[in-house]
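# Examination of the molecular architecture
The lines below spell out each chain.
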There are 2 protein chains.
Amino acid sequence: MDKILRIDMGAEGGPKVTEEPLGDYTGLGGRALTSAMVAREVPPLCHPLGADNKLVLAPGMLSGTTAAMSGRLSVGAKSPLTGGIKEANAGGQAAQVLARLGYAAMVLEGKPQKDDLYRVHINPGGVKVILDNSLKLLPNYELVERMKYQYGRKITCISIGPAGEMKMSAATIAITDMELRPTRHAGRGGMGAVMGAKRIKAIVLDDAGAKMRSPQDPEKFNAANKKFVEGLRNHPVTGQGLPTYGTNVLTNILCEAGGYPAYNFKEGRFEGAHKISGETQAETENLRGGPGSATHGCHRGCVIRCSGTYFDKDGNFLSKQPEYETVWAHGGHCGISDLDAIAMLDFLDDNYGLDSIEMGVTIGVAMEAGLLKFGDAEGAINLMKEVGQGTHLGRILGAGAAVTGKVFGVERVPVVKGQALPAYDPRAVQGIGVTYATSPMGADHTAGYAVTANILRVGGFIDPLKPEGQIQLSRDLQIATAAIDSTGMCLFIAFALLDQPETFQALLDLLNGFYGTNLTGDDVVALGKRVLSTERDFNVRAGFSAQQDRLPEFFKNEPVGPHNVTFDVKDEDLDRVFDW
Amino acid sequence: MDKILRIDMGAEGGPKVTEEPLGDYTGLGGRALTSAMVAREVPPLCHPLGADNKLVLAPGMLSGTTAAMSGRLSVGAKSPLTGGIKEANAGGQAAQVLARLGYAAMVLEGKPQKDDLYRVHINPGGVKVILDNSLKLLPNYELVERMKYQYGRKITCISIGPAGEMKMSAATIAITDMELRPTRHAGRGGMGAVMGAKRIKAIVLDDAGAKMRSPQDPEKFNAANKKFVEGLRNHPVTGQGLPTYGTNVLTNILCEAGGYPAYNFKEGRFEGAHKISGETQAETENLRGGPGSATHGCHRGCVIRCSGTYFDKDGNFLSKQPEYETVWAHGGHCGISDLDAIAMLDFLDDNYGLDSIEMGVTIGVAMEAGLLKFGDAEGAINLMKEVGQGTHLGRILGAGAAVTGKVFGVERVPVVKGQALPAYDPRAVQGIGVTYATSPMGADHTAGYAVTANILRVGGFIDPLKPEGQIQLSRDLQIATAAIDSTGMCLFIAFALLDQPETFQALLDLLNGFYGTNLTGDDVVALGKRVLSTERDFNVRAGFSAQQDRLPEFFKNEPVGPHNVTFDVKDEDLDRVFDW
């Protein structure tokens, strides 16, 4: 994993493939690498869909090794949704395979003159960029079937659906899971539109014959991995909650806490929650698909196994097990309490290649605009189909919540930096509000998941309804997250890391055992700070100021029940998040 | 003109009317007043369509007097199009009438809970706010007919069309002209959407019985007015060019100079220009409507008379004489060279209440996106009808060029701060490029009309193809414009002011004669600077940074013919425009 693969789609005479050593980027992986490359190589005022933007796909520092949980792929670019820098990472098989093929990063650059579509095939024998207009507007599931037919079952696909081809700002990049289904997505910020602008429909990876990456100190590394896995299995969240119910275990917890944003952030609890909770979902899945349907990993080497399969009433595959954020966005946010409908919406998101958070929030904004009624599941499914077909209405929705709000003159639009808020009301979970407001990524729960100390009492407890302590909490978590996102590790390891010093030490030992280094906790913090500073510097050069580090005003003015709270963290305190 | 009229549309129990003295705002008028009020009273991060935004309508300092050319009404608010502060001013009768009714400003505040629509009636007897849902979705022409039927022919109307009611970011506020037609518009930045959000459909003014405002020193004032009028009549632009051909005299001049942006800024000349030039237009108007059709003022007291009437082939009224910017936006920008079609598009803009620059540029962007072909006049008319009807496609287009570009994934979108560029290519007229980039208003030719020295050789000559001298030129013109926009004077007086010191002195004498002051040229400069600083300060608080003072990158990268020039003014020089 010491090479950078560049594909220049704008080269004269057609796509040009080059390889180069990591050079100045040596030592970086995942988000640290994508953000460093984007910050250095992309002009901050360029058009996100233009030739000057670059799409960087980077496995993490530990991807491609035997380290558990190391399967996250970071995808970076200037975002068509936010206009700022973006890193969206996803599970699935791609990070492991790309790392084993020797690539620390794959960079898609330039832009073809014509509208032709390409697929890329990479195996240990080399890289091929193949003109293939037969793939035009294929949804992700059908696309993967085609690739399977052509290249066999041992591949991994990175692809865009029709949304990415149509350059919609809510478009994702799909990554296949262990079942070779396109269910894992670099979801946020329109990375799929950037890939669409490069006119690359699919990247097919085949690591047959490639070796596992081998550590400098195998003994230390293997011992650390064992301790690391033990730590994850011992923690109640990663050892019990997530494997049993998936991420949707949070529905009941957030409703109980009054921090579940229902009806486009008008209420803090959803009366239909019990119908769509993780408990109900797991029960449904086990009933329809047989016991254990709710528990498997999204990539080899996962020991948390929060993923699952959702079957319809007749026991046929309907979608992967929808995540909490998806169930919320398409569910409570829109007043919908029908799990089957939500699973269908999840499938449509994956198939068209759309961010389920952005789309759910957008449909809620469309409901606010009066296009359909809150609770109208069939209407929501029809809207999603319009997006997939690229009708005029579909184009509006596919551009995300901010544009939909602007087009329909809606005032209540829950976005920061143009990106839709996830599934925690910032008034009742004020720590996550700080993260939404200040993350260089726009509103993003994964950027600094303060739900830990605010709600789950992981890593201590900070009263979620009060502003006190939230700045420090969000700051620490944003720093830690930026570092974790660079390792290729799934963010869910953070629960155990926060509560169990020995598990954090095991992660350090994994890194040191693999690279032969002597990294300490301070080095990890320094890495996280460096990543955030790089990203914020890009955003400043792209035109962001402190005024973009704010929540929409209604969170300050309108109290939300049941606690009747507003977001009370002061602007001047938000401006201190990155003062370290 | 010493009172502020406030209508709080969000007051409990229904709209509440209050009057108050000018107080701290004493001495201000027009843009100086709207910008001061918006900057002080509107929270910069509020939603432009929310209760916290305020719509301020202010006659200029000399409006309502006998001073020639003093009929401009300034309209200010936080803009739904740019997100920054906005002043859009318009001719027509309203400024004179509002001033004579005693109002220095009329402020529409708050927001009703319900969707009901209101009309406002103001005469010397008082102010009435009347619930009137029968006006819903009426286009401007029909609306004015209704008001005429109800209140008689001696009224002046300020109104919004369906676009404003639908809160489209390209929506205007229409003002009736001397023929009581809704042809003059506060066009830019979506002021109509703000009025729509306040749910006020029409403001009917009747100054029967109200007196002309009287000067402190009538002798000085009248002598100055005489000199002022002489000066305007002596200058070739205001004495000959504009009265003979209207503003469209510029089509041939700009094409000749290679600064006429054709086909969405791909070319610097338009081969169909001779079919839509001012000369052809005046000939057509005189032929169809009789000699002199092309020459009358838009308000009483106008001596330049650049306005006119456009008749169809059968001699029936089709629209007012379309302005140069409109003929360009709907014409050359879209590759359309059919004057009748352009006049129809102008009529539709006025009738629906839409900014003709924003709409023309937006349709060009839609052509770029492949929705219709460049040159398709009938297609363009159909698109405009979709906007008026508020179809999904119409909603997209009505949100302006930036949103249309985002929804359809178009890279070549000529906007600054989200507002469409007017009819001068910034690569071939670099001075106006500086104004587009740096004006607090977004891309706006009227904010600092460097076409004067770049092309018309008014106020000296600065080579339009080179960056040298453009910063100073734009700076001086932006300062002068901010001051002129505060007087209520039509900006076209600037031609004579720049070339004839005695005409500038006459303007000073008009102000001093009226107010009994001793203002000098330095005071006017100081006023202009104060207005600009106030506006820029608001924009900073609304989240703008130096990075928003930039043109889209394609103006730097793609040379435009016939001169094969790019926009070469350096970023660091753009940042010096307001260093005075």
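Residue numbers run consecutively from 1 along every chain, following the written order of its sequence. Written order decides the labels, with chains lettered from A and ligands numbered from 1. It should be noted that, the model being predicted, local features are given only for residues of pLDDT at least 70 and side-chain atom pairs only at 80 or more, the latter also being counted only at that level, while totals for whole chains, interfaces and linings use all residues.

## A few points about the overall build of chain A
Per the convention used, a helix needs a DSSP run of H or I reaching at least four residues, while a strand needs a run of E reaching at least two, with both numbered from the N terminus. In terms of regular secondary structure, chain A is built from 24 helices and 16 strands. Along the three orthogonal principal directions, the C-alpha set of chain A runs to about 60 × 55 × 50 Å. Any residue whose C-beta has 12 or fewer other C-beta atoms within 10 Å is treated as exposed, any with 20 or more as buried, and any in between as partly exposed, C-beta atoms being built from the backbone. Counting the 580 residues in chain A, one finds 65% classified as buried. We call two residues in contact whenever the C-beta atoms placed from their backbones are within 7 Å. Partitioning the contacts of chain A with sequence separation of at least 6, the portion at a separation of at least 24 is 72%.

## Notes on the interface of chain B and chain A
Facing 28 residues of chain B, the contacting portion of chain A comprises 28 residues. Put simply, the parts of the chain that give the side of chain B that touches chain A at least two residues each are α15 (392–398) and α16 (401–407) of chain B. Of the residues contributing to the side of chain B that touches chain A, the split by class is 12 nonpolar, nine polar and seven charged. For this classification, the nonpolar set comprises Ala, Val, Leu, Ile, Met, Phe, Trp, Tyr, Cys and Pro, the charged set comprises Asp, Glu, Lys and Arg, and every other residue, Gly included, is treated as polar.

## Let's talk about the relation of the copies chain B and chain A
Relative to chain A, chain B is turned by 180° and slid 0.0 Å along the rotation axis, the superposed coordinates differing by an RMSD of 0.0 Å. Overall, the copies show the geometry of a two-fold rotation axis. The residues that chain B uses at the interface reappear at the interface of chain A in 100% of cases, marking a shared surface. Here the copies were fitted onto each other by least squares, based on C-alpha atoms from residues at pLDDT of at least 70 in both.

## Some points on unusual backbone geometry
Residues glycine 561 of chain A and proline 562 of chain A are joined by a peptide bond in cis, for which omega reads 0°. When you line up the elements, proline 562 of chain A lands in the loop between α23 (554–557) and α24 (571–574). Phi is positive for asparagine 264 of chain A, which is not a glycine, with a value near 55°. Structurally, asparagine 264 of chain A is set in the loop between α8 (250–257) and α9 (273–276). The exposure class of asparagine 264 of chain A is buried, given the 22 C-beta atoms found within 10 Å. Phi at phenylalanine 265 of chain B is positive, roughly 65°, even though this residue is not glycine. Relative to the helices and strands, phenylalanine 265 of chain B resides in the loop between α8 (250–257) and α9 (273–276). Judged by the 23 C-beta atoms lying within 10 Å of it, phenylalanine 265 of chain B is buried.

## Concerning the domain arrangement of chain A
All names here are of chain A. What the domain assignment reports for chain A is domain 1 (3–205), domain 2 (215–242 + 424–580) and domain 3 (247–293 + 308–422). Start and end points for every domain follow an automatic or database-based domain assignment. Relative placement of domain 2 and domain 3: their C-alpha centres are 25 Å apart. The interface of domain 2 with domain 3 comprises 22 residues on the first partner and 24 residues on the second. The residue inventory of the side of domain 2 that touches domain 3, partitioned by class, reads 14 nonpolar, six polar and two charged.

## With respect to the pairing of strand β3 (residues 55–59) of chain B
Residue and element names in this part refer to chain B. Burial within β3 is extensive, with five of its five residues counted as buried. Pairing between strands is defined by DSSP: at least two bridges between them are needed. In the sheet, β3 pairs with strand β6 (residues 103–109) via three bridges, with the strands oriented antiparallel. Along β6, the bridge assignment pairs valine 56 with valine 107. One ladder, built from four bridges, connects β3 with strand β4 (residues 73–78); its direction is antiparallel. Bridge pairing links alanine 58 to serine 74 in β4.

## Observations concerning the pairing of strand β7 (residues 118–123) of chain B
Residue and element names in this part refer to chain B. Two strands pair when backbone bridges link them, and β7 and strand β8 (residues 126–131) are joined in this way by six bridges, in the antiparallel orientation. Considered in β8, the bridge of tyrosine 118 is made with leucine 131. Taking the residues between adjacent antiparallel strands as the criterion, β7 and β8 are bridged by two residues. As paired elements, β7 and strand β12 (residues 200–205) share five bridges and run parallel to each other. Its bridge partner being in β12, histidine 121 is matched across the sheet by valine 204.

## Some points on the environment of glutamine 547 of chain A
Mapping glutamine 547 of chain A onto the fold places it in the loop between α22 (521–541) and α23. We classify glutamine 547 of chain A as partly exposed; it has 18 C-beta atoms within 10 Å. The sequence separation of glutamine 547 of chain A and alanine 437 of chain A amounts to 110 residues, and the corresponding C-alpha distance is 9.7 Å. Glutamine 547 of chain A has contacts with Leu45, Arg541, Ala542 and Gly543 of chain B, leaving out every residue within four places of it along the chain.

## Here's the deal with the sheet that holds strand β5 (residues 85–90) of chain B
Residue and element names in this part refer to chain B. Read across the open sheet, the six strands follow the order β2-β1-β6-β3-β4-β5; overall the sheet is mixed. Each edge of the open sheet is held by one strand with a lone partner, namely β2 (16–21) and β5. The sheet shows a mean angle of 20° between the axes of neighbouring strands, direction not considered. Axis lines are fitted through C-alpha atoms, for helices just across the contact stretch, and the angle between N-to-C directions can take any value from 0 to 180 degrees.

## Focus: the nonpolar core
Among the nonpolar cores identified, the biggest contains 387 residues, and Ala105 of chain A together with Ala105 of chain B are the most heavily contacted of them. If near-sequence neighbours (up to four positions away) are discounted, alanine 105 of chain B is found in contact with Ile4, Leu33, Met37, Val56, Leu57 and Ala58 of chain B. What we call a nonpolar core is a set of buried Ala, Val, Leu, Ile, Met, Phe, Trp, Tyr and Cys residues whose membership is set by joining through C-beta atoms within 7 Å.

## Points about helix α7 (residues 236–245) of chain B
Residue and element names in this part refer to chain B. By the burial criterion, the buried members of α7 are Val237, Thr238, Gly241, Leu242, Pro243 and Tyr245. Those residues of α7 that are buried are in contact with α6 (218–234), α10 (278–289), α18 (451–456) and α20 (493–499). Two residues or fewer past α7, glycine 246 is found with a positive phi of approximately 70°.

## Regarding the packing of helix α19 (residues 470–487) of chain B against helix α22 (residues 521–541) of chain B
To describe two helices that pack against each other, one gives the angle between their axes and the distance between the axes. All names here are of chain B. Two numbers describe how α19 lies on α22: the axes approach to 7 Å, and their chain directions differ by 95°. The orientation of α19 relative to α22 falls into the category roughly perpendicular. Along the contact surface, α19 presents Gln478, Ile479, Ala480, Ala482, Ala483 and Ser486, while α22 presents Val524, Val525, Leu527, Gly528, Lys529, Val531 and Leu532. Taken together, the residues of the contact of α19 with α22 break down into nine nonpolar, three polar and one charged. Angle categories are assigned with fixed cut-offs, so that under 35 degrees is roughly parallel, over 145 is roughly antiparallel, 65 to 115 is roughly perpendicular, and the rest are oblique.

## Points about the sheet that holds strand β3 (residues 55–59) of chain A
Residues and elements named next belong to chain A. Reading across the sheet, the six strands line up as β2-β1-β6-β3-β4-β5 and stay open at both edges, with mixed pairing between neighbours. In this open sheet, the two strands that pair with only one neighbour each are β2 (16–21) and β5 (85–90). Neighbour to neighbour, the strand axes of the sheet diverge by 20° on average, direction disregarded. Running over the sheet, helix α1 (residues 30–41) touches β3, β4 (73–78), β5 and β6 (103–109) and is turned about 20° from β4.

## Points about the environment of cysteine 46 of chain B
Tracing the backbone through its elements, the reader meets cysteine 46 of chain B in the loop between α1 (30–41) and β3. The partly exposed category is assigned to cysteine 46 of chain B, around which 18 C-beta atoms lie within 10 Å. When the C-alpha atoms of cysteine 46 of chain B and alanine 542 of chain B are compared, they prove to be 8.5 Å apart, with 496 residues separating the residues in sequence. For cysteine 46 of chain B, the residues in contact, after removing those within four places along its chain, are Glu553 of chain A together with Asp52, Asn53 and Lys78 of chain B.

## A closer look at the packing of α6 of chain B against helix α21 (residues 501–515) of chain B
All names here are of chain B. Between α6 and α21, whose axes approach to 8 Å, the crossing angle comes to 155°. Between α6 and α21, the interaxial angle falls into the category roughly antiparallel. The interaxial crossing formed by α6 with α21 has left-handed handedness. Along the contact surface, α6 presents Lys220, Phe221, Ala224, Asn225, Lys227, Phe228 and Gly231, while α21 presents Glu502, Thr503, Ala506, Leu507, Asp509, Leu510, Asn512, Gly513 and Phe514. Handedness of a helix crossing follows the sense of rotation of the near helix relative to the far helix, less than a right angle counterclockwise being left-handed and clockwise being right-handed.

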